[in-house]
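Coordinate analysis (summary)
This is what each chain is made of:
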Amino acid sequence: MSDNKTSHPTFSEVIAESFPDNNSGAKPDVKSVEEIIKDPEGQAPAVKEGHKAGFVNIVGNPNVGKSTLMNDMVGERVSIITSKAQTTRHRIMGIVNSPDYQIVFSDTPGVLKPNYKLQESMLNFAEGALTDADVLLYVTDVVENPEKNADYLAKVAKEKVPVLLVINKIDLLKGNSDLDEIVNRWKTILPNAEIFPISAKEGFNTSSLMARIVELLPPSPPYFGKDALTDKPARFFVTEIIREKILLNYDKEIPYSVEVLVEKFEDKEHSIHIMATIYVERDSQKGILIGKAGSMLKKVGREARKDIETFFGKSVYLELFVKVEPNWRNRENKLKAFGLSLIHI
């Protein structure tokens, strides 16, 4: 973990205040940027002279450590992390605040050639991240082929905003000569990018990367409240925790064929009652997910409940159900229900 984190409220405190859930399923009130940065009287809050703020978008191929880097930068577990590719499906914002600046980090799905509409949505998030960044972090690692997804790299090379090329997982290298070779190769591909070799897992050189990001931020008032940590509501993090446990406990097509929807989120003073449905595409997947006498589903539930309790700081009663929704990954109405965009950038 890098050594320049700013203290801030816990996720549960911020989410409870910003996104109060109710049983009606009503969506939280969405405000414009102008409304967010003003107080209830309509006056801009006191901001330190010379304050900086900006959007820092994290892009790259699957499984290079984008989510690990995001969590390290934010200082909280915002994105789920597994060894499997395509873990991130949504664009997730994590916000870092100090008296002098506000950084809105954005973790995006890995760049891939889509085979179905779900992957089209994931690519849309990655493509969109190129259009609204103040600083772009292109994350690679020491083992991937730089020629992978050359079309996307060509777009990154044309960016007018500062591009920081982050070479992750350097802890896997045996010597400096290997790193020099990788750096020189990337200099020819993205000649205008600044290169930062790091290990997000070990927290190596991430503080230098953070310092450079702060230097590149434009002068601006904050885009979100100074106590904000994310743009996502409480239910979103419940679905991500459950999905993470599925990714960790199942192999082959199961992790990529499921989606989770929270049907009920009843938040009381000392406990939360959650009902969530796990959707699969085939009856055979449902059987594997549930396991013999429900053993696998119970295991997922136990592990998810433990993390959800840690996340919110209170006891959780979690009920999980499994439903078959044929071909949901290619059905736009279902993807929309899961909060996945199909707008082409």
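A separate point is the overall build of the protein chain. A count of helices and strands for the protein chain gives 11 helices and nine strands. Put simply, the protein chain has 345 residues, and 50% of those count as buried. Partitioning the contacts of the protein chain with sequence separation of at least 6, the portion at a separation of at least 24 is 74%. On the protein chain, roughly 16,500 Å² of surface is accessible, and the fraction owed to carbon and sulfur atoms is 52%.

Here we come to the sheet that holds strand β8 (residues 271-280). Taken in spatial order, the three strands make up an open sheet running β7-β8-β9, and their pairing is mixed. Two strands in the sheet have a free side with no partner beyond their single neighbour: β7 (259-267) and β9 (315-324). Recorded for the sheet is a direction-independent mean angle of 15° between the axes of neighbouring strands. In the sheet, β7 pairs with β8 via eight bridges, with the strands oriented antiparallel. Paired with Leu261 across the two strands is Thr277, which belongs to β8. Set on the sheet, helix α8 (residues 234-249) makes contact with β7, β8 and β9; between it and β7 the angle comes to about 130°. Most of the contacts of helix α9 (residues 283-290) go to β9, to which it runs at about 155°, and overall it touches β8 and β9.

Let us now look at the sheet that holds strand β3 (residues 101-107). Reading across the sheet, the six strands line up as β2-β3-β1-β4-β5-β6 and stay open at both edges, with mixed pairing between neighbours. Because the sheet does not close on itself, it has two edges, and the strands there are β2 (92-97) and β6 (194-197). Sheet twist, expressed as the mean angle between neighbouring strand axes with direction ignored, is 25°. Strand direction decides the pairing type here: strand β1 (residues 52-60) and strand β4 (residues 135-141), joined by five bridges, are parallel. Note on β4: the bridge partner recorded for Val59 is Tyr138. Along the sheet, helix α5 (residues 150-157) contacts β1, β4 and β5 (163-168); its crossing angle with β4, the most-contacted strand, is approximately 145°.

Conventions and cut-offs
Residue numbering note: each chain is counted from 1, following its sequence as written. Under the rules for a predicted model, residues below a pLDDT of 70 receive no local features and side-chain atom pairs below 80 are neither given nor counted, while totals for whole chains, interfaces and linings still include all residues. Calculated side-chain values reflect all of the structure's heavy atoms, with hydrogen atoms and water omitted. Strands are runs of DSSP state E lasting at least 2 residues, helices are runs of H or I lasting at least 4, and numbering of each runs from the N terminus. Categorising residues by exposure relies on relative accessible area from a 1.4 Å probe, with only protein chains included: less than 20% of the type maximum marks a residue as buried, more than 50% marks it as exposed, and the intermediate range marks it as partly exposed. The contact definition used throughout considers only heavy atoms, calling two residues in contact when any of these lie within 4.5 Å. For the accessible areas, the method is Shrake-Rupley and the probe is 1.4 Å, while residue cover comes only from the protein chains on display. A pair of strands is treated as paired once DSSP finds two or more bridges between them. What counts as an axis is a line fitted to C-alpha atoms, over the stretch in contact for a helix, and the angles between N-to-C directions run from 0 to 180 degrees.

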